[in-house]
Amino acid sequence: MYSAHGIDLKTQFLHIYQDITKKLTQLVKTFQTEIVAIRDEDLRNEAKKKISEIDGLRKEVDKSIKQLEQNSEWSNFTIAFYGETNAGKSTIIESLRLLLGEEGKKREHQKHEQGIATITYLNEQIAQKEQSFAQMNCNLQELNLNHKVLIQQTEQMQEDYNTQLQTLNLEKNSLEQKLKQGNIWRIPILSIKRYLSQKKECKQRLVEIARQSVELQEKKLQNHDIQFKKIDVSHKQITQKQSRLKAVQRDISVLKEQIEQEMVRLDKYKDGLIMSDGQQDFTRDTVAYYFHSKEKSFCLLDLPGIEGEEEKVSEEIFRGLKRSHAVFYITRDYNPPQKGDEKSGGVLEKIQNHLGDQAMVYTICNCSITDAEDLNEPLQNPKCERALDELDQAMIKSLGKHYAGHLLLSALPAFLASAKYPRKEMVRKQQKFLKVFSASELLCRSGINMFADKLLELADPSKIKESNLLKIEYILHKAIEAGKQYRESLIKVYEQTASLVKGAKKDVSKSTNEFESYVTGVFGGIVNNIIAYTRKRCYDDIDKGIKDSLLQENFKKYLSSGRMLEKKKTKQEIENYAKEAYQPQLSQILKRLELHANDFSSRINCNLSVHSGDAEKPKHWTWEQTFKVGRIILGAGLAITFNASWLAVAAVIGAIAKLGLIIYDLFHDKKKRQRDSIDKSLKKNKQSMEQEMAKTNALQQVLDEVIEQPKPILIALDNITGVLEQQQIRITQLIDFMEAQCQNLRRM
């Protein structure tokens, strides 16, 4: 929210902005109204184009003022930190945030401490889970051992049963074999009783073996079922225990993941994150930091660097500077900013362009100190005084009375002394510096304390109006400079172009005279060409022994076809000359004039961008509209038909075609007689054609049309200088208006 003072001040300036833009618009509308009275359409279009150049200046002023209206700060005194990439702008601001207790930095520290507490709690939870996991893992190992023993016991019991069954089976096989081997008929009588007794015993034993085998099989199956159930129970216990262990492992993983996430989040609240890591253009966006210290409220703007990929950040720099009421130019070098060459501007030119509308500019020399021992000497010493004096002189030359001087500090030691939670790579540096000096000593030796006091002194809300007023005046001043430069160039181009136009008109007249001579020559051969064509065709027929009656018919036909061919040929020759000779000559004259005129007009500096935020390339005046007229005319020449003239020629040739062949002697040699008759008839027809062409004045009609061809071009050329004169008057009126506005602003 704006303070009451801020609202009143903003309202006052809004009226100023709107009044200037409104009056500028009205002035240009007056120009546009004036040209409506111009009757000639081409001249009117040309005048519109030239007024659009002036309107372009008006639009640039309007655009700059609107951007100023959108970006200006009215409530908080604002200081922009401006300078080369990696000069330490963000490091100084971060040190001030820590030193002066900026609210955003306080919130970051609170969140950092909350994160540490969360990580501590999560680690305690992990310790409990890991202890539980260890106990459960011991139980699982015991279960696995018991399970293994149970499986071994089961396998051993099954093996014992199998051994007993195998023994019985062997005995059975032996008894069965023994029974098969005995034959009662071969046994002595005295041994039969004993044989039968043995056989009986074997059978009884086989029955017993069968019984025992069945019992063993049953016991084996029963034992297998019992043992399998025990194994299954044991397996389930193991599976359950493993599932519980996995659940605990997952819990531990989740907790560790939460710690990692918290660590990442914690890194977002470390001190020094806004500081450069050595990359080009580390700061891409303008960031505002609001302070309230010792009953002073102010804002610091961290701008992108002015070296590196500036095209990506130029708008950010522009908006930040329009918002600021004072600027700190940050540099690591005691020497004056470097000038650029003819191709590209240097740092000094950028400072002049960017900071020309600032009411107060300081140079802040950020001394590069990476070793604590270097702080044993004061920052300002006799070695650097001469360089600093040259720096101040260069800045005064560029910025004039608005340059306020230089201040010295070393941002890195100041940050290391103030940082409570430095980012990882800064921890060791901080430890090294704090081994040599205490935090309070570092703050004193780094110059940050003195700088903070100066900052609080500058943060004066009463200076807001002065700063914003200067920005409006600067916009008008730049527009006036552009307009005057444009006007001076117009005068030079007017003189040079007038000479070019005179020469071009002379060249056009010369080419037109040559065209007339060519047309006259073409017309001079029309009749002879028709006669020659007819004579040749008739002679060819005579050589073939043609009859008189047919020759008479052919004579008329050849005379008529010769007429048509000559009409077409003559028309084509004149049109070809127009296309291939006359039109290229005129085109070359116009191109040459356009080339020279544009070369002159390129010196009309129409770079009407009046702010440095998004400066455009120079807009050069081109004669496109004027020479477009000539190109359209020449383009029409490609279709030249001379319709009126050709009607007259056609009438003449049509009339003479009615004269027939005169057959005057029937008694001489036939071929000689026919040739003589042809010659006599052609002679008579020739005389008639020449008389008729002279009577119809066909040649003069074509020549009149030739003469008419370049007239629009000559008229267009005459109009060029008039356009330039009117443009000078209009730009002068615009300059006078803006100068009057500047005087009004100075009286406020």
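In what follows, the accompanying structure is described. (Residues numbered from 1 in each chain as written. Predicted model: local features only at pLDDT ≥ 70, side-chain atom pairs only at ≥ 80, totals over all residues. Heavy atoms only, no water.)

## A word on the pattern of salt bridges
Rule in force here: Salt-bridge detection follows one rule: a side-chain nitrogen of Lys or Arg within 4 Å of a carboxyl oxygen of Asp or Glu. Every helix listed is a DSSP run of H or I at least four residues long, and every strand listed is a run of E at least two residues long, numbered separately from the N terminus.
Applying the stated criterion across every chain, the model contains 30 salt bridges. E315 is the salt-bridge partner of R319, the closest N and O atoms lying 3.5 Å from each other. With R319 and E315 both in helix α6 (residues 314–323) and 4 residues apart, this pair spans about one turn of that helix. When the shortest N-O distance is used, the salt bridge between E425 and R423 registers 2.5 Å.

## Quick notes on the packing of helix α3 (residues 89–100) against helix α12 (residues 448–458)
Between two packed helices, the angle of one axis relative to the other and the distance separating the axes together describe the packing. In plain terms, the rule: Inter-axis angles, ranging from 0 to 180 degrees, are taken between N-to-C directions of lines fitted to C-alpha atoms, where helices are fitted over the stretch in contact. Orientation is classified from the angle alone, with under 35 degrees giving roughly parallel, over 145 giving roughly antiparallel, 65 to 115 giving roughly perpendicular, and any other angle giving oblique. Note on contacts: a residue pair is in contact if any heavy atoms of the two residues lie within 4.5 Å. Only Asp, Glu, Lys and Arg are considered charged, only Ala, Val, Leu, Ile, Met, Phe, Trp, Tyr, Cys and Pro nonpolar, and every remaining residue, Gly among them, polar.
α12 packs onto α3 with a crossing angle of 80 degrees between their chain directions and a minimal axis gap of 11 Å. One element, α3, and the other, α12, form an angle in the roughly perpendicular class. Two secondary-structure elements touch here, α3 through I92, S95, L96, L99 and L100 and α12 through I448, N449, F451, A452 and L455. Among the residues making up the contact of α3 with α12, the classes are represented as 8 nonpolar, 2 polar and no charged.

## Some points on the sheet that holds strand β4 (residues 326–331)
Our working rule: Strand pairing follows a simple DSSP-based rule, namely that at least 2 bridges must link the two strands.
Spatial ordering of the open sheet is given by β2-β3-β1-β4-β5-β6, a layout of 6 strands whose pairing is mixed. The sheet terminates laterally at β2 (287–293) and β6 (403–409), the two strands that pair on one side only. With direction set aside, neighbouring strand axes in the sheet form an average angle of 25 degrees. One ladder, built from 7 bridges, connects β2 with strand β3 (residues 296–302); its direction is antiparallel. Looking across to β3, one finds that H292 is bridged to S297.

## Focus: the environment of F433
Under the convention used in this document: When a residue's accessible area, from a 1.4 Å probe over protein chains only, is under 20% of the maximum for its type it is buried; when over 50% it is exposed; and in between it is partly exposed.
If you trace the backbone, F433 turns up in helix α10 (residues 424–436). Overall, the relative accessible area of 3% leaves F433 in the buried class. A sequence separation of 16 residues divides F433 from A417, and the C-alpha atoms of the two residues are 8.2 Å apart. Dropping the residues within four chain positions of it, F433 is found in contact with I369, T370, D371, A372, L375, P413, L416 and L442.

## So, the pairing of strand β5 (residues 361–366)
Burial analysis of β5 places 6 of its 6 residues in the buried class, the great majority of the element. A two-sided burial pattern is seen for β5, the buried positions comprising V361, T363 and C365 on one face and Y362, I364 and N366 on the other. Relative to β5, β4 runs parallel, the two sharing 5 bridges. Bridge assignment links F328 to a residue of β5, and that residue is Y362. Bridge count between β5 and β6: 6 bridges; the pairing is parallel. Bridging from a neighbouring strand, I364 pairs with L407 of β6.

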